[in-house]
Each structure stands twice: as structure tokens, then as C-alpha cells.
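# Fold and geometry: a report
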Amino acid sequence: MSDLHGADASARGSGPARAIGDELSTTCPTASTPRLREPQEPHTDPGDSASGKLPRQLTDYTSRVTDSNLETPSFPFHVFLYGPLMDTDVLQAVVGIARRPTLHSGYIQGWRVRMYDTHPAIVPQTTLGQGGDDVVAGVVWECRSPKQLARLREYETEAYTLCSCEVILEGERTALKNSKVFCWAGHSDSEELTDGWFDLGWYREHMKPAFVCD
């Protein structure tokens, strides 16, 4: 399996673009390790989202298909990524690791991609009164520590919750059971969501430079 730093620009994709981390800088460091930029007007509420607000309709509907955010998975575990975190620079900066992360392409079934402002959010197809044949393409990464998971959760904000899923690796037909993915924490038909898709190429050109120093 190969690294996906050159992922398809049309790949569908996760999480509000909000700078986090233990050490933030307003300028790009000279080191090669990607770092997050500090926003000019940083959010003070850890629950702020990309659009500056939380979903209006937070609900427990996801409890039927997810793990509680209060529970901690066993480490290491596989996490499926389907938005900006498919970019290795963004993922490396968000989780704060020294080495470029290794990503593998794959997909999950039974989920539908909707858009939360400029970022994708997946919802179970069954909550939309549809079958479970839709496929969401993305990448898989191995989360190795509680600190890495905490940074992912801070990036995703309370608009997303950690869900269980099964990832199929492309080209191998191998199923990674007991994997995790950040899914929408509100109603699938929430007014906060719109129909659309995530364009990784557009994100890299228009939003990534303001979010991460690479």
C-alpha cells in the first residue's frame, strides 16, 4: 500500500478548519515539519465550528451506530478520514507528529456525505430513509495515543462524534473492522447541512495555505 500524499483532487471528503495545538506560530517555521498557523481571530469556545457555531439539533441518534465520545478506544486503532485530513501535511500538523503519516486508500459503505459549511460530514444512510449502498472514499490512518485522539477531537469540534465503521482497503478487499470515523453529531436532515461534495484539490489551493505551514 502506498502513501497518499498525492491523493486524487476529486476525492470526497473531515472537520472544521480551526487551528489547534500546543505551540502555534503566526509565521511558518523553517523546519520541514508542517505546523498549524494561528488564526488572526482565534476561537475561544472549544466547540466552535468552521461556521462559528454548533449544530442546532444535537441529538443522540448516533448512539445506535457510534461509540460515546466519553469512551476511549483501545490503542492503536484505525481511523477513516474523508476531508482535509486526507492531506498528510494537514493531518501531521493537527496531530502533532514528527514523521509524515502513512495513509492507505479505502472506503466505507452505508454513509452519505453532506456538507457542513466548507467541510464534509457523513450521516448514516438509514437515517435518510435510504439503502446502504453509498460509498464514501477516503484514507485510513493508525491513531496510536490518547493525545493524538484528543487533538483530532479538538480539530473536529463537538459538531462531530466518533463512530464505528468497517473500512475496505482499495485493491486488497481487506476489511478493517472496529475502525473509527468522525460522523455528524446532529440530525442527518439538519438545516446546518447541505447537499454537495468535498474537493480536496480545491481545499489545497484555497484553504490549506491559511491553515497550515508546509
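Above this text is the structure in question.
Residues numbered from 1 in each chain as written. Predicted model: local features only at pLDDT ≥ 70, side-chain atom pairs only at ≥ 80, totals over all residues. Heavy atoms only, no water.

## Description of unusual backbone geometry
Going by this rule: Helix numbering and strand numbering both begin at the N terminus, where a helix is a DSSP run of H or I of at least 4 residues and a strand a DSSP run of E of at least 2. Only protein chains enter the calculation, and the probe is 1.4 Å; a residue is then buried if its accessible area is under 20% of its type maximum, exposed if over 50%, and partly exposed in between.
Of note, the bond from Phe 75 into Pro 76 is cis; its omega dihedral lies within 30 degrees of zero at -5 degrees. The topology assignment puts Pro 76 in the loop between β1 (35-36) and β2 (77-81). For Thr 157, which is not a glycine, the phi torsion comes out positive at approximately 70 degrees. Tracing the chain through its elements places Thr 157 in the loop between α2 (146-156) and β7 (160-169). According to the relative accessible area criterion, Thr 157 is buried, its value standing at 5%. One non-glycine residue, Asn 178, adopts positive backbone phi at about 60 degrees. By the element assignment, Asn 178 lies in strand β8 (residues 174-184).

## So, the pattern of salt bridges
Side-chain pairing between opposite charges can occur once the charged atoms of the two side chains come close. Stated precisely, the cut-off is as follows: We define a salt bridge as a side-chain nitrogen of Lys or Arg found within 4 Å of a carboxyl oxygen belonging to Asp or Glu.
If you walk through the whole model with that rule in mind, you get 7 salt bridges. The closest approach of N and O atoms between Arg 204 and Asp 87, which form a salt bridge, is 2.7 Å. One end of the pair, Arg 204, is in helix α3 (residues 200-206); the other, Asp 87, is in the loop between β2 and α1 (88-95), and 117 residues separate them in sequence. Look at Arg 204 and you get partly exposed, because its relative accessible area is 21%. Taking the relative accessible area as the measure of exposure, Asp 87 reaches 0% and is therefore buried. Here Asp 195 ties to Arg 114 by a salt bridge, and the two come within 3.3 Å at their closest N and O atoms. Within this pair, whereas Asp 195 is found in the loop between β9 (193-194) and α3, its partner Arg 114 is found in strand β4 (residues 111-116), the two being separated by 81 residues in sequence. Asp 195 sits in the exposed class, given a relative accessible area of 55%.

## Side note on the state of the cysteines
Defined simply, a disulfide is a covalent bond joining two cysteines at their sulfur atoms. Definition in use: For the purposes of this analysis, a disulfide is any pair of cysteine sulfur atoms at a distance within 2.5 Å.
Across all of its chains, the model carries 1 disulfide by this definition. Paired through a disulfide, Cys 163 and Cys 183 show a sulfur-sulfur distance of 1.8 Å. Residue Cys 163 is located in strand β7, and its partner Cys 183 is located in strand β8; the two are separated by 20 residues in the primary sequence. On the basis of relative accessibility, which here comes to 0%, the residue Cys 183 falls in the buried class. No disulfide involves Cys 165; its nearest neighbouring cysteine sulfur is the one of Cys 163, lying 8.2 Å away. We classify Cys 165 as buried; its relative accessible area is 9%.

## Quick word on the nonpolar core
Convention followed: The term nonpolar core refers to a set of buried residues drawn from Ala, Val, Leu, Ile, Met, Phe, Trp, Tyr and Cys, joined through side-chain atoms within 4.5 Å. Residue contacts are counted whenever heavy atoms from the two residues lie within 4.5 Å of one another.
Residues Phe 80, Val 94, Ile 122 and Trp 141 are the most contacted members of the largest nonpolar core, which totals 49 residues. Here the element with the most residues in this core is β7; it accounts for 6 residues. What Trp 141 contacts, discounting residues up to four positions off in sequence, is Phe 77, His 78, Val 79, Leu 81, Leu 91, Val 95, Ile 97, Pro 101, Thr 102, Leu 103, Gln 148 and Leu 152.

## Observations regarding the pairing of β2
Counted only if it meets this: Between any two strands, pairing holds if DSSP finds at least two bridges.
With 4 of 5 residues buried, β2 is to be regarded as a mostly interior element. Sheet analysis places β2 next to strand β6 (residues 135-143), joined by 5 bridges and oriented antiparallel. Residue pairing across strands places Phe 80 opposite Val 140, the latter belonging to β6.

## Things to note about the sheet that holds strand β5 (residues 119-124)
Hydrogen bonds between backbone atoms are what pair the strands of a sheet, whose relative direction is either parallel or antiparallel. Taking strand neighbours across the sheet as the criterion, the 3 strands line up as β5-β4-β9 in an open arrangement whose pairing is antiparallel. If you trace the sheet from one side to the other, it starts and ends with β5 and β9, each paired once. Sheet analysis places β4 next to β5, joined by 6 bridges and oriented antiparallel. If you follow Trp 111 over to β5, its bridge partner there is Pro 124.

## Overview of the side chain of Asp 87
We apply this condition: Identification of polar contacts relies on pairs of N or O atoms within 3.5 Å, with a donor-acceptor requirement for protein atoms, meaning one able to donate a hydrogen and the other able to accept it, and with residues adjacent in sequence counted only if both atoms are side-chain atoms.
At 3.1 Å, the side chain of Asp 87 forms a polar contact with the side chain of Lys 208. Leaving out residues up to four positions away in the same chain, Asp 87 has contacts with Leu 200, Arg 204 and Lys 208.

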